[in-house]
Structure formats: C-alpha cells, structure tokens
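A look at the structure
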Amino acid sequence: MQTYDVIIAGGGMVGASLALALDRSGMRIALVEQQALLPGSLSRRGPWQPRVSALTEASVKLFKYLGVWEDMIAQRVCPYTDMVVWDGEGTGEVRFDAKTLPQQNLGYIVENDVVRNALLHKLASSKVQCYGEQSQVDYKLSGQGGDVILESGEPLYAQLLVAADGANSNLRQQSGIPVNQKDYRHHALVTTVETELFHHYTARQVFLDSGPLAFLPLESVDGRHYCSIVWSLLPSEADRIEALNDDEFARELQRVFESRAGEILKVDERFRYPLRQRHARQYHRQGIVLVGDAAHTIHPLAGQGVNLGLMDVAVLTEELIKATGRGDDYFAPHVLDRYQRRRIGHNSLMMTAMSGFQNLFGANDLGIRWMRNTGLKLTNRLPLMKEMIVGHAIGLSNDIPEFIR
Ligand SMILES: Cc1cc2nc3c(=O)[nH]c(=O)nc-3n(C[C@H](O)[C@H](O)[C@H](O)COP(=O)(O)OP(=O)(O)OC[C@H]3O[C@@H](n4cnc5c(N)ncnc54)[C@H](O)[C@@H]3O)c2cc1C
C-alpha cells in the first residue's frame, strides 16, 4: 500500500493549488482526480473558454507563491482597474477604482482553464503523485483519514484526506458532515460576447429585477473587444432567455445592459448553471477536511467562490505547516479546528452578504428600491467607505496567511 501524508480528492483549481502548496512544505502528497490531469492548449486569439473567474489580489498572491502566476499571464489574463455597479431599475450607481490602492488593479478576469493549465504544468514538475482519470475511485474512511482504492484496485492511504471534490463532494457525504443549503432561485447563463465598445478594463454589473448581469472584461484581439457574461436569472426568465436565438439574445442583452458596451456583435455558445448556496456545518471530521466548493458554494454575483476556496488552501497549508513545526500531528483534530475557526466564520459572513445583496436587489417594494438607490449614490460619494468595501473585495483586509502577504 502506498502511504502519503495527505491525499487530496479533486484536482480542480482548489485541490490542485492545495497539492502544490503542501508539496512546497515537503509533505508527501497524492492528488486523485476523476478527469484526466492533462493541461489543454489555448490560443491567445481564442476561442474563449466560457467559464472565467474574477481573481482577487489575495488569490494572485497565492498563485505567485505557487509559481504559477507568470504561466497564467503568458496564456491570457485581463486585469480590471475599475468596477461599476448600478441599479437597472433606478438611478443609483457606484464606481470603484484602484487609484487609492497600493496595487494597480482591482482584480483579474481569468479563464478557469488558464488557471487549471498553469497548475497542471507546475504539478508535472512537482513531487505530487497525480492519479488522473479515476472516475470509479473508492474512499474507505477509517476514522482517521482512510484508504483510497484506485480504479486499478491499487490502495493508497493517508491519515488526512482532503475533500476538494466540488459542490456535490462524495467525500463530504461519506464523512457524514451536514450541510446547510438553500436554492438561490437563480440560474446563471454564461457566455462570451464581442462588443462594439472597448471596456476600458472595467468590470460592470447591473442589478435587474430578475437578477444581476455582469460584463467582465477580456483582452481585445485584433482590435475586437470581448466580455465574459454572467447573467443570473429567475429560472422562468432563464428558460425564456435561453430559448432566444443568438440575434435575439444579443438584442436583449444590449437592451438590459443599456447599451453600455455598445452593440453586441457576436455571442458564443451559452451555458446554464442552477445556483445553490451550500455551507458545511463543520470543515473536518475524523481526518477528512473540506476545502473550496466541497465546503461552500456561493452566488457568483461578487465573484468570490474560488477566491474563498483559495484562501481555504492558504490557511489550511499554514496550519498544517505550523503544526508540524510545533511537533504536533498535522492531522490532529485541534489542528484542523484552527483551520475551521479561521475560515468558517469568514465564509459564512460572505454568504450572508451575498444573500443580503440578492434580497435587496430582488425586492420590488418601492421603499426598499428608494433605499438601495440612495445607498448606492451615497456610497459613491464616500471615499473611505469605498476603500473599505474594495479592501474586503480584493481579499487583503481579511485573515490571510503570513506566507502570502
Ligand atoms: C456561473 C459561475 C460563475 C462563477 N464566477 C466566479 C468568479 O468570478 N470568481 C470566483 O472566485 N468564483 C466564481 N465561481 C465559483 C467557482 O467557479 C468555484 O468556486 C470553483 O470552480 C470551485 O473550485 P473547486 O476546485 O473547489 O471545485 P471544482 O471546480 O468543482 O473541482 C472539483 C474537482 O473534483 C473532481 N471530482 C469530483 N468528484 C470526485 C471524486 N469523487 N474523486 C476525485 N475527483 C473528483 C472534479 O472532476 C473536479 O475536477 C463561479 C461559479 C459559477 C457557477
């Protein structure tokens, strides 16, 4: 039987990042993934991948520490320096910019495949043992970590198993960790569009009665301008919009976005994701520890999902390294408690804030509409308040580990 210090189930953005972070600390790591662990090839000229993430400065610091950020930049990354949020049913608008910050940008729009490619390139030159294409893998929990039986029948063992296997985590379910969940009653339509006007490195989001619509800037190619769209809609509205042909969809998008990107010239294939909030009530049990979407899923309206997962990675890494340094067992419950304490409250707060936004902007009540429009206008005039909001949004005012500061 192959024995490791830690086995990570799930080689998505979060699991692969954790594997690299723990590998740097000298631990023996295995990464087990359902799909092939092979990087794809992307051309700078497109086509665009439909799934993108708005990465915060804190996440970028982690990627720099892992030595993968330069690779992402060499593929394609679009910084944004400004962010505009407005009420599509009123006149309230707030604009954030990076001018008051120590760094140049508010964040970066990166295709998920770019992140994954860079992580996989780095894994190939690391000591992490990667087991890809394991769709029939079996987890046998022992009360302190457990065995992982690969498709070939080969058993692996570790005293700490990490569930990085996404929202419907098999490992989380097997461990019996309960989850609080609710349906956001939104489905996200995701695609890439070519726009008439340049975005000026501005991420824009309009709150409509049916849900928020974000235009996220992508790099221009040969003078043509592109944005990634995340349009969250009530399910019935999503049915209607999804049924439109590309021309009708483009016209509808342009109308609700108040032509702020000019004409929508071209629309790529559209994808649809039902949105659900999930939050595990514990982040560990009997040597199983949860990170990323296995621990929490959140509405994409503030682009925080993977950023929260990456901070789980950073904090868990820090706690495991500290424990080893103290001569403690890195898999001991009190060590994993420290990780849980540092993450669960923060993630919970972020979820509450997202639900608050969703309720505030979904309300039809005239009084609430007046309040939110006034609130947006007022916030726009208060530089200190804006600085505080941006500080939280870019993830640097939170509890982030020393090693990536
Ligand atoms: C429409 C939309 C827009 C979003 N936009 C943003 C954004 O702008 N910014 C942001 O921060 N977040 C965003 N998110 C959230 C973000 O995409 C997720 O938080 C992130 O992908 C989670 O990464 P993960 O690695 O935890 O999980 P996943 O990406 O789900 O990866 C899990 C991996 O585990 C593998 N796996 C599954 N089961 C097993 C098993 N039993 N054994 C082994 N492997 C297994 C899967 O194949 C997969 O590779 C968005 C989400 C949506 C739906």
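Refer to the structure presented above.
This report concerns the structure included in the present document. Keep in mind the model is a prediction, meaning the values are calculated, not measured. (Residues numbered from 1 in each chain as written. Predicted model: local features only at pLDDT ≥ 70, side-chain atom pairs only at ≥ 80, totals over all residues.)

**Brief notes about the packing of helix α1 (residues 13-24) against helix α8 (residues 305-326)**
Following both chains from N to C, one finds α1 and α8 inclined at 25 degrees, their axes separated by 9 Å at the closest point. Looking at the two axes, α1 sits roughly parallel to α8. In this structure, α1 crosses over α8, and the sense of that crossing is right-handed. Of the residues in α8, those in contact with Met13, Val14, Ser17, Leu18, Ala21 and Leu22 of α1 are Val306, Gly309, Leu310, Val313, Leu316, Thr317 and Leu320. Looking at the contact of α1 with α8 residue by residue, the class counts come to 10 nonpolar, three polar and no charged. (Axes fitted to C-alpha atoms, helices over the stretch in contact; angles between N-to-C directions. Helix = DSSP H or I, 4+ residues; strand = E, 2+ residues; numbered from the N terminus. Parallel < 35°, antiparallel > 145°, perpendicular 65-115°, else oblique. Left-handed = near helix turned anticlockwise from the far one by under 90°. Contact = placed C-beta atoms within 7 Å. Nonpolar A, V, L, I, M, F, W, Y, C, P; charged D, E, K, R; others polar.)

**Section: the sheet that holds strand β7 (residues 107-111)**
Pairing within the open sheet is antiparallel, and its three strands lie in the order β3-β7-β4. Each edge of the open sheet carries a strand with a single partner, namely β3 (52-55) and β4 (78-80). Across the sheet, the mean angle separating the axes of adjacent strands is 25 degrees when strand polarity is ignored. Direction of pairing for β4 relative to β7: antiparallel, over a ladder of three bridges. Residue pairing in the sheet places Tyr80 in a bridge with Gly107 of β7. (Pairing = 2+ DSSP bridges.)

**A few points about the site of the ligand**
In the vicinity of the ligand lie 32 residues, with Gly10, Gly12, Gly166, Gly292 and Gly305 positioned nearest. Of all the elements in the fold, those that place two or more residues in the shell around the ligand are α1, β3, β12 (179-195) and α8. The element that contributes the greatest number of residues to the shell around the ligand is α8, accounting for four residues. Split into classes, the residues belonging to the shell around the ligand amount to 13 nonpolar, 16 polar and three charged. (Near = placed C-beta within 6 Å.)

**Side note on unusual backbone geometry**
Positive phi, normally seen in glycine, also occurs at Arg185, with a value near 55 degrees. With 16 C-beta atoms packed within 10 Å, Arg185 lands in the partly exposed category. One non-glycine residue with positive phi stands out, namely Gln286, at about 50 degrees. Along the chain, the position of Gln286 falls in the loop between β18 (284-285) and β19 (288-290). For Gln286, a count of 18 C-beta atoms within 10 Å translates into the label partly exposed. (Buried ≥ 20, exposed ≤ 12 C-beta atoms within 10 Å, placed from the backbone.)

**Let's talk about the pairing of β12**
Relative to strand β17 (residues 271-280), β12 runs antiparallel, the two being bridged by 10 bridges. In the sheet register, Val190 faces β17, and the bridge partner there is Phe271. Pairing of β12 with strand β15 (residues 224-233), which is carried by nine bridges, proceeds in the antiparallel orientation. Among the inter-strand pairings, Thr192 is bridged to a residue of β15, identified as Ser228.

**Details of the environment of Val148**
Following the sequence through the fold, Val148 ends up in strand β10 (residues 146-149). C-alpha separation for the pair Val148 and Gln2, spaced 146 residues apart in sequence, amounts to 9.9 Å.

**Description of the environment of Ile368**
Mapping Ile368 onto the fold places it in helix α10 (residues 366-380). Since 14 C-beta atoms lie within 10 Å of it, Ile368 is described here as partly exposed. Excluding its chain neighbours within four sequence positions, the residues that come into contact with Ile368 are Leu360 and Ala363.

**Focus on the packing of α8 against helix α9 (residues 333-362)**
Two quantities define a packed helix pair, namely the angle between the axes and the distance from one axis to the other. Relative orientation of the contacting elements α8 and α9 amounts to 160 degrees, with a least axis distance of 9 Å. With respect to α9, the axis of α8 lies roughly antiparallel. Seen from above, α8 lies across α9 with right-handed handedness. Contacts between α8 and α9 involve Leu308, Asp312, Val315, Leu316, Glu319, Leu320 and Ala323 from the first element and Val335, Arg338, Tyr339, Arg342, Arg343, Asn347 and Met350 from the second. By residue class, the composition of the contact of α8 with α9 is eight nonpolar, one polar and five charged.

**Overview of the pairing of strand β13 (residues 202-208)**
Burial within β13 is extensive, with six of its seven residues counted as buried. In this sheet, β13 lies alongside strand β5 (residues 82-87) in parallel orientation, the contact comprising six bridges. Paired with Val85 across the bridge in β13 is Gln205. In the sheet, β13 pairs with strand β14 (residues 211-221) via five bridges, with the strands oriented antiparallel.

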